Amino acid sequence: MADQASGLTIEALLSEDRTFPPSSEFRAQALVSSEDIYAEAEADLEGFWARQAEQIDWFQPYDKVLEWNPPYAKWFLGGKLNISYNCLDRHVQNGGGEKVAYYWEGESGETRTITYAQLLEDVCRCANALKSLGVRKGDRVAIYLPMIPELPVAMLACARIGAPHTAVFAGFSAESLSDRMNDCDAKLLITADGGIRKGSVVPLKKNSDEALKTSPSVEHVLLVKRTGEDVAVQEGRDLWWHDVVSEQPAECEPEALDSEDMLYLLYTSGTTAKPKGIVHTTAGYLLGAMTTHKLVFDIKPDDVYWCAADVGWVTGHSYIVYGPLANHTTGVMYEGVPDFPARDRWWSIVEKYKVTVLYTAPTAIRAHMKWGPQHAEAHDLSSLRLLGSVGEPINPEAWLWYYRHIGGERCPVVDTWWQTETGMIMITPLPGITTLKPGSATRPFPGVEADVVDEQGNSVPLGGAGYLVIKKPWPAMLRGIYGDPERYQQTYWSRYPGMYFPGDGAKRDEDGYFWLLGRVDDVMNVSGHRISTMEVESALVSDSRVAEAAVIGQRDDLTGEAIFAFVILRGDVESEKGLGEELRQYVATKIGAIARPKRIMFTPELPKTRSGKIMRRLLRDIANDRQLGDTTTLADTSVVETIREASTASKGDE
Ligand code: 7RM
């Protein structure tokens, strides 16, 4: 389209026409088996969510579903409830205390099986311990723990007494931890002596001590013994969990909280500026997480559900802790990395616990793809019935690999688009009714009104690309950025007044399916064509020799920006001479000459966040010979140095 070629919106180049309707067996047993749910929600948004809210146990009923003063929403006004009560007590009271809440597996092979009744006791003890340390309703508690059961216990204990938690990834540095604690004036820090990752120790207490030097608001540190290594314990300030928590009574009255009381803060890093503390409140968040968890993953009482994310990422908050527990689901929680001690670790876990639903990220799927299907083939994965993906656009090739080699061509793959800010899954298939297309997140969840618009905010006709927006409030939406209302307004609501702007590009095909194109900051401008990095990456990965690709725009005198592709080859492929040229040509043939990469560099790794998102801005800095921007959220800092050296060394070779 002419207006797109002029550089206004994003161009849609890739087309994928394979389709996968739900099998009649899946459809017959699915919780949602009729399209009516969409029409119902559209006809009466508040009524739809009010009906879903009957799943919540209220201490006091709400008197109004929604109050919408853009950009501020309040949901279930006047209602009183407690999330830990909804996640634990009510299941135990209903006779479900013996059901397993978590099968926990440590990286080194230890296991713990925790029932709902035990989890409730642990949470009550921890909540009492928090109170004994002076934590009161409204006080902020920072949690810097590895993937051990004390992490959900600590979160639920905070929720029980109404103290908002802020979980910080155990992979983050002392500085990131300190910044976050200072931004919210945390009163208490819950951490561990160390964490275990790939067989070695992550020095969490040491990092915490470093962070605490510049975080004066923190009065006490509650310290979990995980690794048993020697750590400095500061008398009066630091207390061992096993001393303080274990001696507490196993009962603790849940606080009756207001629907709009703050549940947690979770920091997301802006590209350059300081991290934003995303605020989530109680009733709407709980409802959004539990409804989507149940309907998107088609959760039944006997499912064994495994979300392989870290609890420190929003995915873990909504889909390891709050959603699944509120739905009385049995979950698997795994402490370590996928390739320890060997590359079949995940598949041995699926086999061992007979996992039925697996939820993970494209980055993990592409890693398994790179390692080859033989690791999965060595295990019985026949318990699986549904697969999910989240975190980045999943390119069709990775989707198909997941579908075939993990799902045995019988499990629907739900590609779920959402954000820390949205709190819940927003664009997603409903597995019993949606015909899947590899690479598409398909349709907005019932009650979510999403659109694709151009620069002016006009809806782009089907078949076109542009900016994703959300036009109506939803229950789990963020309530603001902690302490910074202007930034909230500016970041999400100023580009298109009255519409929420998530910062992602998207296109919609002729059937109205949404295809996410990545962050708009990543869009390249090549001779006036606005091209999404994701489409070029997808084209590259569709060559069977390529495992993963990251594409960025490099400054170019002739075209403004030129496409620069960083490519990881699959395990058994050698990078022979001429392969780069072949791949460049392949992209041109597959999606068009304008998208042909000018330069391809082969690399063994890419810079990623701890949740597996490719940090393209660091690759841009390298390619454009700039100083590196903020690297604090990088999972492995050595990766960028390796790439920078290789990039400098190869400059003369073209
Ligand atoms: C859940 C989560 C949010 C950003 C979001 C997107 C990207 C997430 C998908 C996706 C394409 C998906 N929260 N993203 N899921 N892009 N398809 N299914 O990831 O706050 O950490 O990140 O992640 O760009 O804006 S997050």
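Heads up: the structure comes first, above all this text.
Because the structure is a prediction, the values reported are computed rather than measured.

**What about the overall build of the protein chain?**
- If you tally the helices and strands in the protein chain, you get 21 helices and 29 strands.
- A globule of 654 residues ought to have a C-alpha radius of gyration of about 26 Å, and the protein chain, at 24 Å, matches this closely.
- Dimensions of the protein chain along its principal axes, counting C-alpha atoms only, are 70 × 60 × 50 Å.
- Residues counted as buried form 63% of the 654 residues belonging to the protein chain.
- Long-range pairs, those at least 24 residues apart, make up 71% of the contacts in the protein chain between residues at least 6 apart in sequence.
- Counting only carbon and sulfur atoms, one obtains 48% of the accessible surface of the protein chain, whose full area is about 23,700 Å².
- Across the protein chain, 67 positive and 92 negative side-chain charges occur, with their mean positions spaced 1 Å apart.

**Looking at the pattern of salt bridges**
- Enumeration over the complete set of coordinates arrives at 48 salt bridges.
- Across the pair Glu 409 and Arg 404 runs a salt bridge, and its minimum N-O distance is 3.6 Å.
- Judged by its relative accessible area of 48%, Glu 409 is partly exposed.
- Here Asp 504 makes a salt bridge to Arg 519, at a shortest N to O gap of 2.6 Å. Taken together, the residues span a long stretch of sequence, with Asp 504 in strand S23 (residues 504-508) and Arg 519 in strand S24 (residues 514-519) at a distance of 15 residues.
- Using a relative accessible area of 8% as the deciding quantity, one classes Asp 504 as buried.
- Taking the relative accessible area as the measure of exposure, Arg 519 reaches 37% and is therefore partly exposed.

**Comments concerning the site of the ligand**
- As a structural note, the neighbourhood of the ligand is formed by 17 residues, with Asp 415, Thr 416, Thr 420, Asp 504 and Lys 613 the closest of them.
- Glu 392 places a main-chain nitrogen or oxygen 3.3 Å from a nitrogen atom of the ligand.
- A distance of 2.8 Å is found between a nitrogen atom of the ligand and a backbone nitrogen or oxygen belonging to Thr 416.
- Against a free-state accessible area of 530 Å², the protein chains account for coverage of 93% of the ligand.
- Elements with a contribution of two residues or more to the shell around the ligand: helix H12 (314-326) and S24.
- Looking at side-chain class alone, the shell around the ligand contains seven nonpolar, five polar and five charged residues.

**Quick word on the pairing of strand S4 (residues 100-105)**
- Judged by how many residues are buried, S4 sits mostly within the fold: five of six residues are covered.
- As judged from the five bridges shared by S4 and strand S5 (residues 111-115), these two strands associate in the antiparallel manner. The residue of S5 that forms the bridge with Tyr 102 is Ile 114.
- Between the antiparallel neighbours S4 and S5 lie five residues, among them Gly 109 with a positive phi of about 105 degrees.
- Direction of pairing for S4 relative to strand S17 (residues 330-334): parallel, over a ladder of four bridges. For Glu 105, the partnering residue across the bridge sits in S17 and is Tyr 334.

**Quick look at the packing of aromatic side chains**
- Applying the stated criterion to the full structure yields 33 aromatic pairs.
- Relative to Trp 493, the ring of Tyr 488 lies with its centre 6.3 Å away and its plane at 65 degrees, an arrangement referred to as edge-to-face.
- A relative accessible area of 0% places Tyr 488 in the buried class.
- The rings of Trp 68, Tyr 72, Trp 474, Tyr 488, Tyr 492, Trp 493 and Tyr 500 are connected pair by pair, giving a single aromatic cluster.
- Its end group placed over the ring of Tyr 38, Arg 443 keeps NZ or CZ at 3.9 Å from the ring centre.

Scoring rules and cut-offs
Residues numbered from 1 in each chain as written. Predicted model: local features only at pLDDT ≥ 70, side-chain atom pairs only at ≥ 80, totals over all residues. Heavy atoms only, no water. Helix = DSSP H or I, 4+ residues; strand = E, 2+ residues; numbered from the N terminus. Rg over C-alpha atoms; globule rule 2.2 N^0.38 Å. Buried < 20%, exposed > 50% of the residue type's maximum accessible area, 1.4 Å probe, protein only. Contact = heavy atoms within 4.5 Å. Areas by Shrake-Rupley, 256 points an atom, 1.4 Å probe, with all protein chains shown as cover. Lys, Arg positive; Asp, Glu negative; His and termini not counted. Charge placed at Lys NZ, Arg CZ, Asp CG, Glu CD. Salt bridge = Lys/Arg side-chain N within 4 Å of Asp/Glu carboxyl O. Near = heavy atom within 4 Å. Polar contact = N/O pair within 3.5 Å; in protein donor to acceptor, adjacent residues only side chain to side chain. Nonpolar A, V, L, I, M, F, W, Y, C, P; charged D, E, K, R; others polar. Pairing = 2+ DSSP bridges. Phe/Tyr/Trp six-rings, centres within 6.5 Å; stacked < 30°, edge-to-face > 60°. Lys NZ or Arg CZ within 6 Å of the ring centre and 35° of its normal.

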